[in-house]
Amino acid sequence: MLLPELHPEEREIFKDADINILWNNYHNNQSIITAHILIMLYTGMRPGELLTIKKSNVNLSEQYLTGGIKTKKGKNRKIIIPDKIMLLIKFLMQQNSSELLTPYSLDNDFYDAWIDKRKELLLNDKLVPYCCRYNKTN
């Protein structure tokens with residue numbers, strides 16, 4: 001007996017207008033969640049990857065961080081920090097006393113913050129953090 005063919009769910013992508021809204025929000029409010037979303041857009045990191053990055057794994061002088069999850073090849077890999085998001089990384093490095101780059105203690109806190117920000121900025125409700133992996137910015 002053959003199993004039915006799987007059709008992967010198509011992900012929504014962030015349009016240029018959405019990305020501009022995020023940048024404007026960051027520049028006007030220095031929103032931590034907005035910084036996280038922009039970092040994921042420009043690096044292609046998964047939410048779980050960003051939430052586990054230790055500050056000690058960020059090399060600002062050489063513009064990379066070490067991180068990654070999920071697969072053997074993806075773990076402990078160098079992730080280049082594009083010039084455009086260096087200010088975001090530096091901002092997050094100063095935001096909390098934790099060893100982690102992010103102040104979110106639970107995945108749910110991160111997702112709740114994203115949902116609140118998405119509503120505040122009137123962004124498409126199909127835009128979830130994982131959509132950042134499918135954008136043309138990275």
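Structure first, text after, so check above.
The numbers attached to residues start from 1 for each chain and follow its sequence in the written order. The predicted nature of this model means local features are confined to residues of pLDDT at least 70 and side-chain atom pairs, given and counted, to a pLDDT of 80 or more, with totals for whole chains, interfaces and linings taken over all residues. Note that water and hydrogens are dropped before the side-chain values are worked out from all heavy atoms of the structure.

The next point concerns the overall build of the chain. A run of H or I in DSSP becomes a helix once it reaches four residues, and a run of E becomes a strand once it reaches two; helices and strands are each numbered from the N terminus. Across its full length, the chain carries 5 helices and 3 strands. When the helices and strands of the chain are listed from N to C terminus, the series reads α-α-α-β-β-β-α-α. In what follows, a contact means two residues having at least one pair of non-hydrogen atoms within 4.5 Å. Of the contacts made within the chain by residues no fewer than 6 positions apart, 61% connect residues no fewer than 24 positions apart. Each accessible area is a Shrake-Rupley result for a 1.4 Å probe, and residues are judged covered by the shown protein chains and nothing else. Carbon and sulfur atoms make up 50% of the accessible area of the chain, which amounts to about 8500 Å² in all.

This next bit is on the pattern of salt bridges. Note on definitions: salt bridges are taken to be side-chain nitrogens of Lys or Arg within 4 Å of carboxyl oxygens of Asp or Glu. With the rule as written, the count across this model stands at 4 salt bridges. Glu120 is paired through a salt bridge with Lys117; the nearest N and O atoms lie 3.2 Å apart. Taken as a pair, Glu120 and Lys117 lie in helix H5 (residues 107–120) at a separation of 3 residues, close to a single helical turn. For every residue, the accessible area (1.4 Å probe, protein chains only) is compared with the maximum for its type, and the residue is labelled buried under 20%, exposed over 50%, or partly exposed between those bounds. Residue Lys117 is classed as buried on the basis of its relative accessible area, which comes to 9%.

This part takes up the sheet that holds strand S1 (residues 58–59). The antiparallel open sheet is built from 3 strands, whose spatial order is S1-S2-S3. For this open sheet the edge positions go to S1 and strand S3 (77–80), each flanked by a neighbour on one side alone. DSSP calls a pair of strands paired once it identifies at least 2 bridges connecting them. Pairing of strand S2 (residues 64–67) with S3, which is carried by 4 bridges, proceeds in the antiparallel orientation. Across the sheet, residue Tyr64 finds its bridge partner in S3, namely Ile80.

Once that is clear, we can look at a negative patch on the surface. Patch members must show over 30% relative accessible area and no salt bridge, and they are joined within 9 Å when carrying like charges or within 5 Å when they are nonpolar side chains of Val, Leu, Ile, Met, Phe, Trp or Tyr. All tallies of charge rest on Lys and Arg as positive and Asp and Glu as negative; His and the ends of each chain are not included. Every charge is mapped onto a representative atom, which is NZ of Lys, CZ of Arg, CG of Asp or CD of Glu. Taken together, the side chains of Asp107, Asp109, Asp112 and Asp116 define an acidic patch exposed on the protein surface. Its place among the elements puts Asp116 in helix H5.

The residue Leu60 is located in the loop between S1 and S2 in this model. On the accessibility criterion, Leu60 (31% relative accessible area) is partly exposed. Residues Leu60 and Ile89, spaced 29 residues apart in sequence, show a C-alpha to C-alpha distance of 8.4 Å. Discounting residues that sit within four places of it in the chain, Leu60 has contacts with Met86, Ile89 and Lys90.

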